[in-house]
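Now for the letters of each chain:
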Amino acid sequence: KIKEMEEPVLLSGTDGCGTKVKLAIIMDKHDTIGIDAVAMCVNDIACAGGEPLFFLDYIACGKNYPEKIADIVKGVAEGCLQSEAALIGGETAEHPGLMPEEDYDLAGFAVGVVDKKDMITGENLKPGDVLIGMASTGVPSNGFSLVRKVFEKELNKEGLETYYEELGTTLGEALLAPTRIYVKALKAVKNAGVTVKACSHITGGGFYENVPRMLKDGVRAVIKKDSYQIPPIFGMLAKKGDIEEHMMYNTYNMGIGMVVAVDAADAERAMEAMKSAGDTPYIIGSIEAGEKGVTLC
């Protein structure tokens, strides 16, 4: 891969799963949290135009329960499979006395590569460019402290196993659903000959903090809130926690995990490529002239 590049640039990303881990612990389901750890790192690399090469994980635990660790690593391996990154190693550290026996934390580190000419920088953005949002799954691993506060009374085995009609699943499954990995979708867009002008991975800070990062001075992102279906878990969260709308869009991705800006003429082709990779894209807005920032309307 690197040999064919004119000017290879290495990219790296590191992240954890936030307090989403706590949910995995309560549900005693540890085989998907690793996907979240990988997703948070590789999506950032993909966002810069790169492809991940390899991944390392770090697990800190109060006590090493081998089958639990094996489950966690199984999720990490699945995330690596989905992003075509090699899982080349990791570390499991046992910390008795520092952490309760049942507790653990998981973090990861990824290295990727991009040809300098293919880096996504946002410098060629212009008014009229189209914003495409790719649907996310579940609640990504940021904003979970607020989730835990809102669902305080339900955060037990029984509460999480309760089926909700509006969710179409149990509360636990809706919350623990792993973060979507967009590496293949962005690769498909590139292979379709479409230039991604700017890209934003919607994680901590939601739309208000992440979208402006993809912009250059003099352009503004305008996003239409009704342009796609917001997953019911967010409505439930807002209602139950009495969280106002701005705060929701400033904390969560509201069902859009990745925002991509392309030339209007390329929008259709880009969406076809995303669909071919198994993703669900929506045209969610456009780039306009104005002060750098994001307007949700």
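Keep in mind it's a predicted model, so treat the numbers as computed, not measured.

Just checking my understanding: could you explain the layout of surface pockets for this structure?
Gaps left between atoms show up when a probe the size of a water molecule is rolled over them. A volume near 360 Å³ is recorded for the largest pocket. The leading source of residues in the lining of the largest pocket is helix 7 (residues 183–191), at four residues. In terms of residue class, the lining of the largest pocket is made up of seven nonpolar, six polar and seven charged. Estimates place the volume of the second largest pocket at around 190 Å³. Forming the walls of the second largest pocket are 13 residues, and the residues nearest its centre are Cys 47, Cys 199, Ser 200, Arg 213 and Met 214. Residue assignment for the lining of the second largest pocket shows that the elements contributing at least two residues are helix 2 (33–47) and strand 8 (198–201). For the lining of the second largest pocket, the element with the highest residue contribution is strand 8, accounting for four residues. When the residues that make up the lining of the second largest pocket are grouped by side-chain class, the tally is six nonpolar, five polar and two charged.

Please explain the packing of helix 2 against helix 3 (residues 66–83) as it appears in this structure.
Two elements in contact, helix 2 and helix 3, have axes whose closest approach is 6 Å; the angle formed by their N-to-C orientations is 40°. Taken together, the axis directions place helix 2 and helix 3 in an arrangement best described as oblique. Two packed elements cross with a definite hand, and for helix 2 against helix 3 that hand is right-handed. Residues Ile 33, Gly 34, Ile 35, Val 38 and Val 42 of helix 2 lie in contact with helix 3, whose contacting residues are Ile 72, Gly 75, Val 76, Glu 78, Gly 79, Cys 80, Gln 82 and Ser 83. When grouped by side-chain class, the residues that make up the contact of helix 2 with helix 3 number seven nonpolar, five polar and one charged.

Looking at this model, I keep getting lost on the pairing of strand 10 (residues 256–262). Mind explaining?
A regular strand carries its side chains on alternate faces of the sheet. With seven of seven residues buried, strand 10 is to be regarded as a mostly interior element. Examined bridge by bridge, strand 5 (residues 130–135) and strand 10 share six bridges and lie antiparallel to one another. Paired with Ile 132 across the two strands is Val 260, which belongs to strand 10. Judged from the four bridges that link them, strand 8 and strand 10 form a sheet pairing that is antiparallel. Within strand 10, the residue paired with Ala 198 across the bridge is Ala 261.

Help me out: how do you make sense of unusual backbone geometry in this one?
Among all residues except glycine, the phi angle is most often negative; among peptide bonds, the trans geometry is most common. Phi angles above zero are rare outside glycine, and Glu 84 is one such case at about 55°. Here Glu 84 shows up in the loop between helix 3 and strand 3 (86–94). For Asp 242, which is not glycine, the phi torsion reads 55° and is therefore positive. Here Asp 242 lies in the loop between helix 9 (232–241) and helix 10 (245–249). Since its relative accessible area comes to 71%, Asp 242 is described here as exposed.

How each quantity is defined
- Residues numbered from 1 in each chain as written.
- Predicted model: local features only at pLDDT ≥ 70, side-chain atom pairs only at ≥ 80, totals over all residues.
- Heavy atoms only, no water.
- 1 Å grid on protein atoms, 1.4 Å probe; cavity = no way out; pocket = protein on both sides within 12 Å on 5 of 7 lines; lining within 4 Å.
- Points joined across faces, edges and corners; volume = space filled by probe spheres on them.
- Helix = DSSP H or I, 4+ residues; strand = E, 2+ residues; numbered from the N terminus.
- Nonpolar A, V, L, I, M, F, W, Y, C, P; charged D, E, K, R; others polar.
- Axes fitted to C-alpha atoms, helices over the stretch in contact; angles between N-to-C directions.
- Parallel < 35°, antiparallel > 145°, perpendicular 65-115°, else oblique.
- Left-handed = near helix turned anticlockwise from the far one by under 90°.
- Contact = heavy atoms within 4.5 Å.
- Buried < 20%, exposed > 50% of the residue type's maximum accessible area, 1.4 Å probe, protein only.
- Pairing = 2+ DSSP bridges.

Geometry only, nothing functional implied.
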